[in-house]
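# Coordinate analysis (summary)
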Amino acid sequence: MTRTVRNAALILLATLALTACQTAIVPPPPPPPPPVPEAAPLLPPSCPRYVFHQEGIASWYGSSHHGRATASGTPYDMNGLSAAHRRLKLGTRIRVTNLDNNRVVELLVNDRGPYVRGRILDVSQRAAQQLGFLDDGRTTVRIEIIEPC
């Protein structure tokens, strides 16, 4: 073999040997897909999805009940913002609107009542004052649930 052919063969062998030892360059893996948002939890059957609305006559109760236990077990506070309703779950937060003057207050249902025919809600003395019917004793209101459960 001639020197040139031998040199070319050596160069070819050296190139093959070096490329065989070379590590392959692997591209990085693609980023993971964005997380799929979780579906909203289903409400239990006892918790309706609709918003409760009720309109009717509300009255207030004050000092004669002050300090006495409510249906929820807490003492009635005539200076607090609470209400009594016949059917709403105790602990429900409600928005009460006086339909005569459009004043609004948020209350906690912590008692049962009213026990006077034709009325849908009894509110604390402070709530009646904020709603603007303390002197009248009763008024027409709209009740809306703030927290459905």
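Attention here is on the structure that accompanies the text. Note that this is a predicted model, so its numbers are computed, not measured.

## Observations concerning the environment of I94
When you line up the elements, I94 lands in strand β3 (residues 93-98). Residues I94 and R142, spaced 48 residues apart in sequence, show a C-alpha to C-alpha distance of 9.9 Å. Apart from residues no more than four positions distant in its own chain, I94 is found in contact with A83, L88, V105, E106, L107, V109, L121, I143, E144, I145 and I146.

## Details of the pattern of salt bridges
Under the definition given, this model contains two salt bridges. When the shortest N-O distance is used, the salt bridge between R142 and E55 registers 3.2 Å. You can see R142 sitting in strand β6 (residues 138-145) and its partner E55 sitting in strand β1 (residues 53-61), a full 87 residues away along the chain. Between R95 and E106 there is a salt bridge, with its nearest N and O atoms 3.8 Å apart.

## Let's talk about the sheet that holds β1
One closed barrel accounts for six strands, arranged β1-β5-β2-β4-β3-β6; its pairing is mixed. Between one strand axis and the next, the sheet turns by 45° as a mean value, whatever way the strands run. Where strand β2 (residues 82-84) meets strand β4 (residues 104-111), three bridges bridge the pair, whose relative direction is parallel. The partner of A84 across the bridge, within β4, is D111.

Thresholds applied
Residues numbered from 1 in each chain as written. Predicted model: local features only at pLDDT ≥ 70, side-chain atom pairs only at ≥ 80, totals over all residues. Heavy atoms only, no water. Helix = DSSP H or I, 4+ residues; strand = E, 2+ residues; numbered from the N terminus. Contact = heavy atoms within 4.5 Å. Salt bridge = Lys/Arg side-chain N within 4 Å of Asp/Glu carboxyl O. Pairing = 2+ DSSP bridges. Axes fitted to C-alpha atoms, helices over the stretch in contact; angles between N-to-C directions.

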